[in-house]
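Each chain is listed here by its residues.
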Amino acid sequence: MERQVAIIGAGISGLLACKYTLSKGFHPIVFESQSSIGGVWTKTFETTKLQTPKPRYQFSDFPWPSTVTEDFPNQRQVLDYVESYAKHFDLLRHIMFNTKVSGIEYEGFQDEIKAWSLWGGTGEPFSSKGKWKVIVEGLKIPSTEIYQVDFVIVCVGRFSGLPNIPEFPPNKGPEAFHGKVIHSMDYAAMDNEKAAEFIKGKRVIVVGFQKSALDIAMECSAANGVENPCTVFYRTPRWNLPHCLPWGFSLAYMYFSRFSQLMVHKPDEGPLLDLLATILAPLRWACSKFVETNVKRKLRLSKHGMVPEHSFHKEISSCSISTVPEKFYDRVEEGKIKLKKASSFSFCHNGVLVEGETTPIEADLVILATGFKGEKKLKDIFLSQTFQNAITGSPDDTFPLYRECIQPRIPQLAVIGFSDSISNLFASEMRCRWLAELLDGTFKLPSIKEMEKDVTKWDEYLKRYSDEYYRRKCIAALHIWYYDQLCKDMGWNPRRKKGFFAELFEPYGPLDYVS
């Protein structure tokens, strides 16, 4: 009997899930609310480029074309690459475009779930007693259809769809402002010509200091110059990188090699590795300082009062790093961009008032580059309150997902793409390969209690190294150890290099995991 698998979303994670479930003989149905594939790459800013070096952001069995020579390809090049991948593996015929999944509901014995000791009651990915009901709305031709499937893979992504809008006291929000207030999502949705016209000649405030905010500020400064400088609000200075070669030495050797991960305490590491991590802690500190001194010098952070108080290691452990656009701080020195620390602010009729100040910053346009509510988007897919509570977990923790894929108390379902890494494409591919092997019966999951215990250990690691920046799942500083666990589950040799020194000191990347 052919098993039907519903995949929600046709971004990179959804395409990978489709490809690998197909490889195991399953029948995937991909529901995509947009009219094209690519997820977040379908709507970006004109100046947006890949943040991860190209060799680490590629499919293991589909290299970048030789025509793309840049280390950091632009949005069009990335989208072309993703579209070529989908066409090469004939994935498009499995995708239903312009279809929005409004909810999913498990049709089985939900009353028994609390008593289960194994995932799904039996530890198996499929069950004859339960199926998922997927409620789908047509967006071009209004309609509602219901699909019954054996398994659901949720690939809706964290960084799209539901904007995170700050809350304000009454009469101090956007309604008090005579100008325009939009989210970065709205700006990205404009075509390049319309976006350029929209910001031209305006006094713009950009709220945020991650990649989207920096890209928007660069576009505004190019359009308006010193006559109407762009003001960027930030809460905390960040170790945003000008490149991946601090002092000419590749960052990959310091953070993405097996030796680099010996410097970090790991979940279930054992006494020897625990001792090594303790002994090598000064070297971990030295690596962090090595990067920090280069970033401070290269970007002249001291001059601009932008030196972070926390370490670079803490930044990378929390997946909070962005790449600074070229000449960003040159624009600051030229007066085309102004940096303003603002832990809190409110709107008034002619601009924005920073907390603790009496004179507002006048503006015509405020762009909120304040991220997305990915957690709520994921939670709202479930119609069951029980599953909504299970997927979000405790308020003090991040998503409780075993191997960053499986919620132990939600049967016949996986989530891909809600845990960040140095390369989210690379991470999603490894997870989809692991999931395909699980669905194919290559291995079984441990008991629910064992999985929950493992989730807690990974959470403790994150809290230890991310500290106050612990907000979301991130395996960036420990990705090799994480992939080792996936490999062991699948029966693969986790040692992927040839030779002792290569295994220990060379950076790991997607091509190391070619089958």
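These numbers come from a predicted model, not from an experiment.

## A few points about helix α15 (residues 424-439)
Part 1 of the argument: The terminal C-alpha atoms of α15 lie 22 Å apart, and with 16 residues this matches the ideal 22 Å at 1.5 Å per residue to within 8%.
Part 2 of the argument: With 15 of 16 residues buried, α15 is to be regarded as a mostly interior element.
Part 3 of the argument: In the stretch just after α15, Gly441 is the one whose phi turns positive, near 85°.

## Here we look at the sheet that holds strand β5 (residues 131-138)
Part 1 of the argument: With respect to topology, 3 strands assemble into an open sheet ordered β4-β5-β6, the strand pairing being antiparallel. Edge positions in the open sheet fall to β4 (99-107) and β6 (143-149), since each of these has one partner strand only. Going from strand to strand, the sheet's axes swing by 20° on average, the running direction of each strand aside.
Part 2 of the argument: Sheet topology note: the β5/β6 ladder contains 7 bridges and is antiparallel. Within β6, the residue paired with Gly138 across the bridge is Ser143.

## Notes on the pairing of strand β7 (residues 151-154)
Part 1 of the argument: Of the two faces of β7, the one lined by Phe151 and Ile153 and the one lined by Val152 and Val154 are each fully buried.
Part 2 of the argument: Examined bridge by bridge, strand β1 (residues 4-8) and β7 share 4 bridges and lie parallel to one another. Paired with Ala6 across the two strands is Val152, which belongs to β7.
Part 3 of the argument: Summarising the sheet, β7 and strand β16 (residues 413-415) pair through 3 bridges and their orientation is parallel. Residue pairing for β16: Val154 is matched across the bridge by Val415.

## Section: the side chain of Lys377
Part 1 of the argument: Along the chain, Lys377 turns up in helix α13 (residues 374-381).
Part 2 of the argument: Despite its burial, Lys377 pairs with no opposite charge, the nearest such side chain being Glu32 at 9.5 Å.
Part 3 of the argument: For Lys377, the side chain forms a polar contact with the main-chain oxygen of Val156, separated by 2.9 Å.
Part 4 of the argument: Separated by 2.9 Å, the side chain of Lys377 and the backbone oxygen of Gly157 make a polar contact.

## Thoughts on the environment of Lys376
Part 1 of the argument: The topology assignment puts Lys376 in helix α13.
Part 2 of the argument: Given a relative accessible area of 42%, Lys376 falls into the partly exposed group.
Part 3 of the argument: The sequence separation of Lys376 and Gly108 amounts to 268 residues, and the corresponding C-alpha distance is 25 Å.

## Points about helix α17 (residues 479-490)
Part 1 of the argument: Here α17 spans 17 Å end to end across 12 residues, near enough to the 16 Å set by a 1.5 Å rise per residue.
Part 2 of the argument: Counting buried positions over the 12 residues of α17 gives 10, a clear majority of the element.
Part 3 of the argument: Considered for burial, the residues of α17 that qualify are His479, Ile480, Trp481, Tyr482, Tyr483, Asp484, Gln485, Leu486, Cys487 and Met490.
Part 4 of the argument: Buried residues belonging to α17 abut α6 (251-255), α7 (258-262), α8 (270-279), α15 and α16 (448-466).
Part 5 of the argument: Gly491, located one to two residues past α17, shows a positive phi value of around 80°.

Criteria and thresholds
Residues numbered from 1 in each chain as written. Predicted model: local features only at pLDDT ≥ 70, side-chain atom pairs only at ≥ 80, totals over all residues. Heavy atoms only, no water. Helix = DSSP H or I, 4+ residues; strand = E, 2+ residues; numbered from the N terminus. Expected span 1.5 Å × (residues − 1). Buried < 20%, exposed > 50% of the residue type's maximum accessible area, 1.4 Å probe, protein only. Pairing = 2+ DSSP bridges. Axes fitted to C-alpha atoms, helices over the stretch in contact; angles between N-to-C directions. Lys, Arg positive; Asp, Glu negative; His and termini not counted. Salt bridge = Lys/Arg side-chain N within 4 Å of Asp/Glu carboxyl O. Polar contact = N/O pair within 3.5 Å; in protein donor to acceptor, adjacent residues only side chain to side chain. Contact = heavy atoms within 4.5 Å.

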